Amino acid sequence: MVVAGALSGVMRICLLLAISFPLLFFVKQICVQSVGLLLYLTLIIVLSAVRDATLDNTIMFLIPIYIGFIVTNTIGLKTLIRIFSNIMVFLAGYSLVIYLLTVIFPGLMAMLPFIGYVYESSASIHDAFFSVCIINAQFVRNYGIAWEPGAFALLLSIAVYYMILFERNNKVVKTLILCCAVLTTFSTLGYIVLVGILFIAFLQKQKSVKIRRLALTIIICLIVLFLLLPKSVKDMVFSKLSGIFSDEDVAYTTQARLNAIKYPLIEFLKSPLWGIGYDNFYEVNVTLCDGVATNTIMNWFAVLGVLLGGPCTYYYLKFIYKNAQFLKLPWYGCILLMLIAVFLVSTESLLRISLIYIIIFYGTQNVSFEDIGSL
């Protein structure tokens, strides 16, 4: 439904709300701060809608926020992480099979149900049920459940993070499946975040020797893989960094991500308190950012200024800081974790994705990480 556009955005997001609505029957205790944040976000978005937003865009903006509130006030953090991690391990393993089949038997995979084409290229998207495979692309990458490997890498990275840093039983096989899936996305985001997570594993004072060895093994494998990769593949992953620290021409995808910071920032500075509204932001995204305004935090500030960007960024980073406290990281480890968290939401726009608001609403609660280690 998402990739093929079989349903409109409003219909898809209303369907998500309908699916999550039964969770309200399992509410045990409502967090007062969560309610306050929900009412506040609702108020400023509705007031903004009166000013300069269509009804469709207002609905599609509000519903992910409501889903985030419902999930965090009905499902415990440990339960959610366990379910999410198990689902991602399954999707990662399944996607690896589809990826290998696409590499070895592209003609066979081309017989799967056709969804459409990637932009205007000849690369065709095919439905592999729990995964998507793209035929005739310049590079074969692991797309998982998304047509964008970077989005899949983002989800995988969150699962890797909790599996490596919080899992006390050290489920090596599951961790390796997730890491292999990240590697086959050939996503710059995924690679940088994965290395950052492995480095943080070394900074944990209470982490077992076993997990340190696992982290070291993965790092060595990454180095060996990098040395063995063909130059074309290395360029695919790391060419996005070319031109940033030199006088070389900046790669197109890198320029798009730089524009995702530049132009929303310019719009934010024009109206730092109220922002420019969602409809105007949509026009900026299409006309100046090539439709890929991917910096979530910058988008918050551009759409509704500090009124939206302030609390969303604060509670998002507050949750990450609680993670760092539980992991007993040194101050530089805490800073590194914060930077990883910011980078994670800087290359994919989560403005209307409920996952980011789930994290934000957990940031309003006094969540305990003590029991998470028995995933």
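What counts, and at which threshold
- Each residue is numbered by its place in its chain's sequence as written, counting from 1.
- Local features in a predicted model are, by the rule used here, given only for residues with pLDDT of at least 70; side-chain atom pairs are given and counted only at 80 or more, and totals for whole chains, interfaces and linings are based on all residues.
- Side-chain measures were taken over the full set of non-hydrogen atoms in the model, leaving aside hydrogen atoms and water.
- Secondary structure elements follow DSSP: runs of H or I no shorter than four residues count as helices, runs of E no shorter than two count as strands, and numbering proceeds from the N terminus.
- For this analysis, residues touch if any pair of their heavy atoms sits within 4.5 Å.
- Here the accessible surface of atoms and residues is derived via Shrake-Rupley with a 1.4 Å probe, and residues count as covered only by protein chains that are part of the display.
- Burial here depends on accessible area, computed with a 1.4 Å probe over protein chains only, as a share of the maximum for the residue type. Under 20% is buried, over 50% is exposed, and the range in between is partly exposed.
- Here a strand pair is declared whenever DSSP counts at least two bridges between the two strands.
- Definitions used for this entry: grid spacing 1 Å over protein atoms alone; cavity, a set of points where a 1.4 Å probe fits but cannot get out; pocket, an open set with protein on both sides within 12 Å along at least 5 of 7 lines; lining residue, one with an atom within 4 Å of a point.
- Grid points are joined across faces, edges and corners, and a volume is the space filled by probe spheres set on the points.
- In the scheme used here, Gly and all other residues not listed as nonpolar or charged are polar, with Ala, Val, Leu, Ile, Met, Phe, Trp, Tyr, Cys and Pro taken as nonpolar and Asp, Glu, Lys and Arg as charged.
- A pairing counts as a salt bridge when a side-chain nitrogen of Lys or Arg comes within 4 Å of a carboxyl oxygen of Asp or Glu.
- What we call a nonpolar core is a set of buried Ala, Val, Leu, Ile, Met, Phe, Trp, Tyr and Cys residues that are connected through their side-chain atoms within 4.5 Å.
- Surface patches are drawn from residues lacking salt bridges whose relative accessible area is over 30%; two like charges belong together within 9 Å, two nonpolar side chains (Val, Leu, Ile, Met, Phe, Trp, Tyr) within 5 Å.
- Axes here mean lines fitted to C-alpha atoms, for a helix over just the part in contact, with angles spanning 0 to 180 degrees between N-to-C directions.
- Here a crossing is called left-handed whenever its near helix is offset anticlockwise from the far helix by less than a right angle, and right-handed whenever the offset is clockwise.

## Let's talk about the overall build of the chain
Counting its secondary structure elements, the chain contains 15 helices and 3 strands. Relative to all contacts within the chain whose residues are 6 or more apart in sequence, the contacts with residues 24 or more apart total 73%. Carbon together with sulfur atoms contributes 70% to the accessible area of the chain, which is approximately 18100 Å² in total.

## What to know about the pairing of strand 3 (residues 132-135)
Burial along strand 3 is two-sided: the face carrying V132 and I134 and the face carrying C133 and I135 are both buried. By the bridge criterion, 4 bridges tie strand 2 (residues 124-127) to strand 3 in an arrangement that is antiparallel. Its bridge partner lying in strand 3, D127 is registered against V132. The antiparallel pairing of strand 2 with strand 3 creates a hairpin that spans 4 residues between the two strands, and F129 there sits at a positive phi of about 75 degrees.

## Points about empty space enclosed by the protein
Inspection of the entire model under this criterion finds 3 cavities of 30 Å³ or more. Its boundaries defined by the atoms lining it, the second largest cavity holds a volume of some 50 Å³. Going through the elements one at a time, helix 4 (77-104) and strand 3 are the ones with two or more residues in the lining of the second largest cavity. The element contributing the most residues to the lining of the second largest cavity is helix 4, with 4 residues. The residue inventory of the lining of the second largest cavity, partitioned by class, reads 7 nonpolar, 4 polar and 1 charged.

## Digging into the pairing of strand 2
Alignment of strand 1 (residues 114-117) against strand 2, held across 3 bridges, turns out to be antiparallel. The partner of Y117 across the bridge, within strand 2, is S124.

## A word on the side chain of T347
Secondary-structure assignment places T347 in the loop between helix 14 (331-344) and helix 15 (354-363). What T347 contacts, discounting residues up to four positions off in sequence, is L189, R257 and T294.

## Quick word on the pattern of salt bridges
Overall, the coordinates contain 1 salt bridge when judged by the stated rule. One salt bridge connects E267 with K270, and the closest N-O pair in it is separated by 3.3 Å. Note that E267 and K270 are positioned in helix 11 (residues 252-270) at a spacing of 3 residues, about one turn of the helix. The buried category is assigned to E267, whose relative accessible area is 12%. Residue K270 is classed as exposed on the basis of its relative accessible area, which comes to 60%.

## Considerations on the nonpolar core
One broad trend across soluble globular proteins is that nonpolar side chains are buried collectively. Counting residues in each nonpolar core, the largest one holds 101 residues, and the members touching the most others are L165, L178, W300, F319, Y357 and I360. Here this core takes 17 residues from helix 13 (residues 296-327), the largest share from any one element. The contacts of Y357, once residues within four sequence positions are left out, are F61, P64, I65, G68, W300, C312, L350 and L351.

## Structural notes on a nonpolar patch on the surface
Judged by side-chain polarity, L100, V103, I104, F105, L108, M111 and V140 come together as a nonpolar surface patch covering roughly 690 Å² of accessible area. In terms of residue count, helix 4 provides more of the nonpolar patch than any other element does, 3 residues in total. When you line up the elements, L108 lands in helix 5 (residues 106-109).

## Description of the packing of helix 13 against helix 15
For the pair helix 13 and helix 15, interaxial distance at closest approach is 7 Å and the crossing angle is 65 degrees. Helix 15 is crossed by helix 13, and the crossing has left-handed handedness. Residues W300, C312, Y315, Y316, K318, F319 and K322 of helix 13 form the contact with helix 15, whose own contacting residues are I356, Y357, I359, I360, Y362 and G363. Of the residues belonging to the contact of helix 13 with helix 15, the class tally is 10 nonpolar, 1 polar and 2 charged.

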